Amino acid sequence: MGKRNTVQHQPNPHESTHSLKGTFIAVMLLGVFILVSWFGFYALFLSR
Amino acid sequence: MHLHKYEKIWLVFGMASLVLFLLIIGFAAFWKGTHPQSHIETIDPQNVEAHDAFKPENLGIREVADGKYIVNIVASAFNYDFGKDTEGNAIKTIRVPKGSTVLYQITTKDVVHGFQVAGTNVNMMVEPGHISRYEAVMKNVGEFTIVCNEYCGIGHHQMYGTVEVYE
Amino acid sequence: MTKVQLPLSKKESRLYMAFMWVTYISLLIGGLMGLLQTLVRSGKYTLPFNIDYYTILTVHGVILGLVLTTFFIIGFQFSLMGKTVGISDKQLKVAWLSFWVMLIGTIMAAVTILVGEASVLYTFYAPLRAHPAFYIGLALVIIGSWIAAFVNFRQLYVWKKAHKGEKSPLPAFMVIINMLMWFIATIGVATSVLVLFIPWSLGYAETINVLLSRTLFWYFGHPLVYFWLLPAYMAWYVVIPKIIGGKLFSDALARMAFILLLMFSIPVGFHHQLTEPGIDPTWKFIQVVLTFMVVIPSLMTAFSIFATFETTGRRKGFKSLFGWFKKLPWKDVRFLAPFIGMAAFIPGGAGGIVNASHQMNALVHNTIWITGHFHLTAATTVILTFFGITYWLVPHLTGRRLTPRLNKLGIIQTFIWTFGMTIMSGSMHIQGLLGGPRRSSFSEYAGGEQVATWINYQIAQAVGGTILFIGILLMVYIFIQLTFFAPRGVQEYPIAVEEDDAEPTPKILENWYLWIGITIALILFAYTIPVIDILKHSPPGSLPFDWPIGR
Ligand code: HEM
Ligand SMILES: [Cu+2]
Ligand SMILES: [Cu+2]
């Protein structure tokens, strides 16, 4: 539970795009999950 | 307010997905007519027999054209009235051939009920003073349990029937 | 943003703890009911003393859905306000008044339910009629919460006057948004209870307009679930970054997300009424579109959370694409519990979009899928985040510390909850898709294959429910430890600050008139015509029914 290191000041994250690559991939995977599941349930709905 | 480039792409992608969903269901609803049930037809809950469809002799299933059926039902705590068979016993099972088009018409004499033919898209709220209607093509063969899926009192789980779709 | 945190006085802490006490007593009672429900539904157990299934289901829904949530939220939000803008002695007195009014209302409603006079479930749909004390109790809970809301508004107002030109602290801003939403939304249910239900239950009005009462209820019912979610978002936006050793991702975007949540949480109630007769389908569809709008702030939140994780990790020197993810403080329960909550919101949110998809709602409406859905969103996303808050808030208030042992128990608790809920909610989702109804005691219906399959899933739910109940016992134990027995010390109240060089937050985000104005305009747009329709085409009203609920 101890305090984590206080961080050094570094370039503003808003400026450098590459540092949010992981975030971008993660949210896009989330988006794909939403799309795939929605179409899956829609197919089930149509089949009934 | 500054949006990161990736966040812009993400939000555009996300919103485009939502728009796509809305276009699909909107097209199906407004052009194909597959809205969820909504009929602004009202009825006196204390006198449902005044409506032709809910006269005791008109309850249950009736073939109105080739492959087209109407099922009239009166719900009350804790029973679905599908009319009586020739021997005077209460009907509990509705039988239709596969592929038939069935219009379910139901109302309630007392409290709110549900009407779901489990495993199909027939799933409606049934409210006092309103007539619930839904037309469905019974595409799949099988025995489907009709359940009351809105709480109506202590016997709620004993309110059921069956739809049998045969080849 | 002011970087100083105000100390919480002993007097204040007592108030916030009072709310926590009601929360955890509710959890225990409600959780026991939940366990009993799953056992009854397995078909292998019957309740003793002729207790009715629907009585315990009403207790469960009211105590967990309405009482636990409201008390925790108001208590937690008071503490956020106390931390960031402060509370005066007079405000504190009024805050206590809100607590007592809510508590008296809760006790009134609870007793009425327990003696079997109000087995109407937490939605109390007319024309089932409960004893008037039930409705009066609920009205008091709402009125008490309004008092709390007005104290919060006053707190920010006073702070603003003393800090001319400064932007309000982010946590306070978020609290005000949530309480504004709550106030605007509860006007609907309060109208329904005060104008329709109470006179009718007392016999002064002969009949009730069923569809109107339902429409007023759901005008409140959807914002209700957002009222639960927003405090979880508060923790995700301002607490979690601090716990993982980072800073706010963006003050302005967090405010923007909350404003969107305020605007689009309310004009969407028809998505709970999609399969009802009596409402024009075009207006249903319009509210479906508005419902989809409320997804957008959640998309923003998802990005913001990942970005906080990644930025913080990269600061610490993790270069690889997902290295930052591995190094999150997994062993810190203050992080782990809310994190699982976030993860549960992925299937929960995706399921929510399915539920709201107009005609597709028929696939799931009133099936046990819905119950599975809100045990993911409310009973996992929200509740695990609330547990995550409890681990530091309670010791902070009682002057104690979260010890490594309690931290470990918390981690075990989180795993138990996750495991039990995966089983219970998972089997509810599947059974629901197979058509199994919700709000139903054990029944074999007409028998047959379909019903036999449902019952198998109900047995799985009993297994999951039992595991969950063990989780509840453990959580209550941890709560008692943190309240009375943990060693004395100082537990940090984690609130993240902005980057030193963060962009200034646009002033317009605090233009309350503008946002409230748009919110009201949207509500009027979404509801005026359909409500006039409902009134114009209303059928003869409904007489009250007592016998179906065993009165
Ligand atoms: C031990 C943990 C829990 C178990 C075993 C459990 C179990 C259940 C079950 C089986 C039902 C559905 C019963 C039915 O539809 O017939 C139910 C309904 C419900 N649960 Fe839970 N639950 C638990 C925790 C929670 C929590 C923490 C919350 C709130 C945040 C919650 C809120 C609700 C609500 C609002 C309902 C709906 C009641 C209604 O439909 O009238 N549950 N629960
Ligand atoms: Cu029922
Ligand atoms: Cu909703």
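For clarity, every value in this text was computed on a predicted model and none was experimentally measured. (Residues numbered from 1 in each chain as written. Chains lettered and ligands numbered in written order. Predicted model: local features only at pLDDT ≥ 70, side-chain atom pairs only at ≥ 80, totals over all residues. Heavy atoms only, no water.)

Trainee: Honestly, the overall build of chain C in this entry has me stumped. Any pointers?
Mentor: A count of helical and extended segments in chain C gives 15 helices and zero strands. For 551 residues, the compact-globule formula gives about 24 Å, and the C-alpha radius of gyration of chain C, at 23 Å, lands near that figure. Taken over the C-alpha atoms alone, chain C extends approximately 65 × 50 × 45 Å along its principal axes. The 551 residues of chain C split such that 68% are buried. Sequence separation of 24 or more characterises 85% of the internal contacts of chain C that already satisfy a separation of 6 or more. If you sum the accessible surface of chain C, you get close to 18,200 Å²; carbon and sulfur atoms cover 70% of it. Charge centroids of chain C, computed over 38 positive and 22 negative side chains, lie 10 Å from each other. (Helix = DSSP H or I, 4+ residues; strand = E, 2+ residues; numbered from the N terminus. Rg over C-alpha atoms; globule rule 2.2 N^0.38 Å. Buried < 20%, exposed > 50% of the residue type's maximum accessible area, 1.4 Å probe, protein only. Contact = heavy atoms within 4.5 Å. Areas by Shrake-Rupley, 256 points an atom, 1.4 Å probe, with all protein chains shown as cover. Lys, Arg positive; Asp, Glu negative; His and termini not counted. Charge placed at Lys NZ, Arg CZ, Asp CG, Glu CD.)

Trainee: Would you explain the nonpolar core in this entry?
Mentor: The nonpolar side chains of a soluble globular protein tend to be buried with one another. Within the largest apolar cluster, 259 residues are counted, with the highest numbers of intra-cluster contacts made by B:Tyr80, B:Tyr104, B:Phe115, C:Phe124, C:Phe134 and C:Phe309. Here this core takes 24 residues from helix α6 (residues 210–243) of chain C, the largest share from any one element. Residues from two domains meet in this core; each of domain 1 (1–34) and domain 2 (38–166) of chain B gives at least three. For B:Tyr104, the residues in contact, after removing those within four places along its chain, are B:Val71, B:Ile73, B:Phe115, B:Val117, B:Val122, B:Met124, B:Ser132, B:Arg133, B:Tyr134, B:Met138 and B:Val163. (Core = buried A, V, L, I, M, F, W, Y, C linked by side-chain atoms within 4.5 Å. Domains from an automatic or database assignment.)

Trainee: Where do I start with the interface of chain B and chain C in this structure?
Mentor: Note on interface size: it is often stated as the accessible area lost on association of the parts. On the side of chain C, 73 residues touch chain B, which itself brings 63 residues to the contact. Note on chain B versus chain C: buried area summed over both sides is about 5,600 Å², and carbon and sulfur give 68% of it. Summed over the shared surface of chain B and chain C, the number is two salt bridges. The residue C:Arg214 makes a salt bridge to B:Glu127 at a minimum N-O spacing of 3.1 Å. In this assembly, chain B and chain C are joined by 24 residue pairs in polar contact (both at pLDDT 80 or more). Every element with two or more residues in the side of chain B that touches chain C is listed here: α1 (5–30), β7 (123–126), β9 (142–147) and β10 (160–166) of chain B. The residue makeup of the side of chain B that touches chain C, split by class, is 33 nonpolar, 23 polar and seven charged. (Buried area = accessible area lost by both parts, 1.4 Å probe. Salt bridge = Lys/Arg side-chain N within 4 Å of Asp/Glu carboxyl O. Polar contact = N/O pair within 3.5 Å; in protein donor to acceptor, adjacent residues only side chain to side chain. Nonpolar A, V, L, I, M, F, W, Y, C, P; charged D, E, K, R; others polar.)

Trainee: Can you help me understand the pairing of β7(B) in this one?
Mentor: Side-chain positions along a regular strand alternate between the two faces of the sheet. Residues and elements named next belong to chain B. Burial along β7 is two-sided: Asn123 and Met125 facing one way and Met124 and Val126 facing the other are all buried. Where strand β6 (residues 113–117) meets β7, four bridges bridge the pair, whose relative direction is antiparallel. Opposite Phe115, over in β7, you have Met124 as the bridge partner. (Pairing = 2+ DSSP bridges.)

Trainee: Hey, could you run me through the interface of chain A and chain B in this one?
Mentor: Taken together, the 21 residues of chain A in the interface contact 18 residues of chain B. Summing both partners gives a buried area of about 1,900 Å² for chain A against chain B, and 73% of it is carried by carbon and sulfur. On inspection of chain A and its partner chain B, the count reaches zero salt bridges. Taken together, the residues that form the side of chain A that touches chain B break down as 14 nonpolar, five polar and two charged.

Trainee: So what exactly am I meant to see when it comes to the coordination of the iron atom of ligand 1 here?
Mentor: Octahedral metal centres with six donors ideally show angles of 90 or 180 degrees, and tetrahedral centres with four donors ideally show 109.5 degrees. For the iron atom of ligand 1, every protein donor is listed as C:His60 (NE2) and C:His375 (NE2), and the spread of their distances is 2.0 Å. A relative accessible area of 12% means that C:His375 is categorised as buried. (Donors = N, O, S within 2.8 Å, 3.2 Å for Na, K, Ca; no water.)

Trainee: Sorry if this is basic, but what is going on with helix α2 (residues 53–84) of chain C here?
Mentor: Every α-helix winds through 3.6 residues per turn, so residues three or four apart in the chain are directed the same way. All names here are of chain C. Between its first and last C-alpha, α2 extends 45 Å over 32 residues, near the 46 Å set by a 1.5 Å rise per residue. Of all bends in α2, the biggest is about 30 degrees, found at Ile63. Most of α2 sits inside the fold, with 32 of its 32 residues counted as buried. At the N-terminal end of α2, a side-chain oxygen is found 3.1 Å from the backbone nitrogen of Tyr54, two or three residues along, and the residue is Asp52. Once α2 finishes, Gly86 follows within two positions and takes phi at roughly 85 degrees, a positive value. (Expected span 1.5 Å × (residues − 1). Bend = angle between axes of the 7 residues up to and from the residue.)

Trainee: Help me understand the coordination of the copper ion (ligand 3), please; the structure alone is not making it clear to me.
Mentor: Residues and elements named next belong to chain C. Protein-derived ligands of the copper ion (ligand 3) are His222 (ND1), His271 (NE2) and His272 (NE2), with the metal-ligand distances lying across 1.8 to 2.0 Å. Linear spacing of the donor residues for the copper ion (ligand 3) on their chain is H-x48-H-H. A residue pair is termed long-range when its members are at least 10 positions apart, and His222 in helix α6 and His271 in the loop between α7 (251–264) and α8 (281–293) qualify at 49 residues. Since its relative accessible area comes to 8%, His222 is described here as buried.

Trainee: I'm lost on the site of ligand 1 in this one. Help?
Mentor: Residue and element names in this part refer to chain C. Taken together, 27 residues surround ligand 1, and among them Tyr53, His60, His375, Arg438 and Arg439 come closest. The separation between an oxygen atom of ligand 1 and a polar main-chain atom of Arg439 is 2.5 Å. Looking at the shell around ligand 1, the elements that each hand over two or more residues are α1 (10–41), α2, α12 (368–398), α13 (404–433) and α14 (449–485). Each residue belonging to the shell around ligand 1 can be placed in one class, and the counts come to 15 nonpolar, nine polar and three charged. (Near = heavy atom within 4 Å.)

Trainee: Quick question: what am I supposed to make of the sheet that holds strand β4 (residues 93–97) of chain B here?
Mentor: Sheet strands line up and pair through hydrogen bonds in the backbone, either parallel or antiparallel. Residues and elements named next belong to chain B. Spatial ordering of the open sheet is given by β4-β10-β9-β6-β7, a layout of five strands whose pairing is mixed. At either margin of the open sheet sits one strand with a lone partner, and together these are β4 and β7. Adjacent strand axes in the sheet meet at a mean angle of 15 degrees when their direction is disregarded. (Axes fitted to C-alpha atoms, helices over the stretch in contact; angles between N-to-C directions.)

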